[in-house]
Amino acid sequence: MMKKFRGYTLDKPKIRCLVQDGQQEDSKLLLLDEKVQVLTSLSEELQEVVRSEALESCPYELSLGYNYLSTQQVLKKLLPVGVEAPSSFECVGHIAHLNLREEQLPYKFIIGQVLLDKNAQLKTVVNKTGNIESEFRVFPMEVIAGIHSTETEVVQHGTRFKLDFAKVYWNSRLETEHKRLIALFDSEDTVVDIMAGIGPFAVPAAQKGCTVYANDLNPESVHYMRKNVELNRIRKNTHVFNMDGRAFVQLLLASDERHAKSLPTGEAATARGSNEVEIPDTYRPQDKGLLFQHAIMNLPASAVEFLDAFRGAFNADRWKDHPLPTVHVYTFKKGPETDEDVISKVEHYLGGKLEESPVIHLVRDVAPSKLMLCVSFKVPRAVAFWRSTAETDGSILECHHLHEDPQNPSSSPDGVQEFSSLKRQRIEQSEST
Ligand SMILES: C[S@@+](CC[C@H](N)C(=O)[O-])C[C@H]1O[C@@H](n2cnc3c(N)ncnc32)[C@H](O)[C@@H]1O
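Residues numbered from 1 in each chain as written. Predicted model: local features only at pLDDT ≥ 70, side-chain atom pairs only at ≥ 80, totals over all residues. Heavy atoms only, no water.

J.: Looking at this structure, how should I read the site of the ligand?
T.: As a matter of local geometry, the ligand sits amid 22 residues, with Met195, Asp216, Asp244, Gly245 and Asn298 nearest to it. One of the side-chain N or O atoms of Asp216 is found 2.7 Å from an oxygen atom in the ligand. Separating an oxygen atom of the ligand from a side-chain N or O atom of Asn298 is a distance of 2.8 Å. Contact with the protein chains covers 99% of the free accessible surface of the ligand, which is 590 Å². Counted by class, the shell around the ligand contains eleven nonpolar, six polar and five charged residues. The residues that make up the shell around the ligand include at least three from each of domain 2 (71-149) and domain 3 (173-386). (Near = heavy atom within 4 Å. Polar contact = N/O pair within 3.5 Å; in protein donor to acceptor, adjacent residues only side chain to side chain. Areas by Shrake-Rupley, 256 points an atom, 1.4 Å probe, with all protein chains shown as cover. Nonpolar A, V, L, I, M, F, W, Y, C, P; charged D, E, K, R; others polar. Domains from an automatic or database assignment.)

In structure tokens, the structure reads:
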């Protein structure tokens, strides 16, 4: 009968059209569409079936309530005219992350509750309450429904990550990018992740077999990165650091004791917010610096500015038989900027020309006229082995335009400054702020 009556039966998601007859134990009811109020509205053929099979018709009442309706249907009923229900939300483990509009804010608690009721995997709903302003790239949020815990666990391509969404940077939209970059690494490679967050590049790279040196300035990110190293059992090939990215690069590349001593440590290195510079027990400085194949810098708002850390930091003797590493630096391209502008910016902060055209990969549209890019290039030899004039003949160091604003070349007072004194100034400045 179900087959014969196809096209006339009740067709609603999750509702069966064949139900037990409440009146007669040995018979069943075939529910017809609400539109079929009388049997005469069936086709001639079906009316004949009704007669020949001696089928009877009766009214049937079906109540579809809160449990049956979708989030959108419920909120459409509950919210006043003119206030739309949020159309989507980001899911981070058990947390739903909303970005409510001004007119939705008076109804935030009911919106949160409906989302919780309708999505069994959710335990907490948070709403973004402001823009990212901290250097740790964490945005302010408030819990609007559910349990007040923002610690959760997410899985990306089979790798488990613990994190506290209110304390560390996490963006599920970068999942494809994390996978893309890791696919470029060979299992024998050594990978240096300079702004590693809780480890979405570092942990899977180590799982692949790479030796990983991962750093972040945010002590909370480092706390969770360590947990993720344990969780994914990659302790033997992962070294986790908590320091400023520039100091980290220079620490890894430090050639000898003298060089290492000149690094900003202690108070200077902690000036940007970390509690203390922690060199992991597993870290053994290598004579004339670490050899590595890839460096990742995912802090798109300012990572390019850290490229000066590579300048003159490589020991020529140590690297003479090895190709220089590939840097993957993330940045934004805004408004009318072209790829050439992006390359100029990279060269500007590196302090030298690239030897080959870089690979520029579009990661995602962040906002209208704002694209997130990954620029991959080999560190140029002239930059890597740059030696100050002072080191070679004892005179004043020269570093043309290295730290001036690329948009405004005249912003440097005379365009010539001592490279290491600039680094010192930067550290002193950050200490005073
Ligand atoms: C955009 S997040 C990227 C995190 C991670 N790589 C990912 O893909 O999810 C940038 C990270 O840079 C860290 N950070 C900010 N300033 C830093 C600095 N001076 N040195 C090292 N890390 C820094 C932040 O704490 C944050 O975790």
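J.: Honestly, the sheet that holds strand β4 (residues 95-98) in this entry has me stumped. Any pointers?
T.: Pairing between the strands of a sheet is mediated by backbone hydrogen bonds and can be parallel or antiparallel. Taking strand neighbours across the sheet as the criterion, the four strands line up as β3-β4-β5-β6 in an open arrangement whose pairing is mixed. For this open sheet the edge positions go to β3 (90-92) and β6 (141-146), each flanked by a neighbour on one side alone. Taking each pair of neighbouring strands and ignoring which way they run, the sheet shows an average axis angle of 30 degrees. Both β3 and β4 contribute to a ladder of three bridges, which runs antiparallel. Among the inter-strand pairings, Glu90 is bridged to a residue of β4, identified as His97. Of the strands in this sheet, β4, β5 (124-128) and β6 touch helix α3 (residues 108-118), which is tilted by about 55 degrees from β6. (Pairing = 2+ DSSP bridges. Helix = DSSP H or I, 4+ residues; strand = E, 2+ residues; numbered from the N terminus. Axes fitted to C-alpha atoms, helices over the stretch in contact; angles between N-to-C directions. Contact = heavy atoms within 4.5 Å.)

J.: Mind showing me how you'd approach the confidence of the model for the protein here?
T.: Parts of the prediction with low pLDDT should not have their coordinates interpreted in detail. Looking at the protein, pLDDT values average 86 and 84% of them are 70 or higher. Note on residues 264-275: pLDDT under 50 across the span, and 26 contacts to partners over four residues away in sequence or across chains. With pLDDT under 50 throughout, residues 394-433 is counted as low confidence; its partners more than four residues away or in other chains account for 68 contacts. (pLDDT = per-residue confidence, 0-100.)

J.: In this structure, what is going on with the environment of Cys91? I would like to understand it.
T.: Residue placement: Cys91 occurs in strand β3. Looking at Cys91, the relative accessible area reads 31%, which means it is partly exposed. If we ignore the near neighbours within four places in the chain, the residues touching Cys91 are Gln121, Leu122 and Ser172. (Buried < 20%, exposed > 50% of the residue type's maximum accessible area, 1.4 Å probe, protein only.)

J.: Hey, could you run me through the sheet that holds strand β15 (residues 370-378) in this one?
T.: Pairing in this open sheet of seven strands is mixed, and the strands run β11-β10-β9-β12-β13-β15-β14 from one edge to the other. With partners counted over all chains shown, the strands left at the sheet margins are β11 (238-241) and β14 (359-367), one partner each. Taken pair by pair, the neighbouring strands of this sheet meet at an average axis angle of 20 degrees, ignoring direction. As paired elements, strand β10 (residues 211-215) and β11 share four bridges and run parallel to each other. Bridge assignment links Val212 to a residue of β11, and that residue is Thr238. Packing of helix α4 (residues 175-184) onto the sheet brings it into contact with β12 (294-297), β13 (326-334), β14 and β15, and relative to β13 it is tilted by some 150 degrees.

J.: Looking at this structure, I do not really get the pattern of salt bridges. What am I missing?
T.: It is possible for side chains of opposite charge to pair when their charged atoms get near one another. Scanning the entire structure with this criterion turns up 15 salt bridges. One salt bridge in this structure joins Lys167 and Asp164, with 3.8 Å as the shortest N-O distance. Relative accessible area serves as the criterion here: at 41%, Lys167 is assigned to the partly exposed category. Of the residues examined, Asp164 reaches a relative accessible area of 7% and is grouped as buried. Note that Glu177 is salt-bridged to Arg180, the shortest N-O span being 2.9 Å. Of the two residues, Glu177 and Arg180 are both situated in helix α4; the distance of three residues between them amounts to about one turn of the helix. Of the residues examined, Glu177 reaches a relative accessible area of 5% and is grouped as buried. For Arg180, a relative accessible area of 21% corresponds to the partly exposed category. Through salt bridges with shared partners, a single network forms among Glu153, Arg160 and Lys162. (Salt bridge = Lys/Arg side-chain N within 4 Å of Asp/Glu carboxyl O.)

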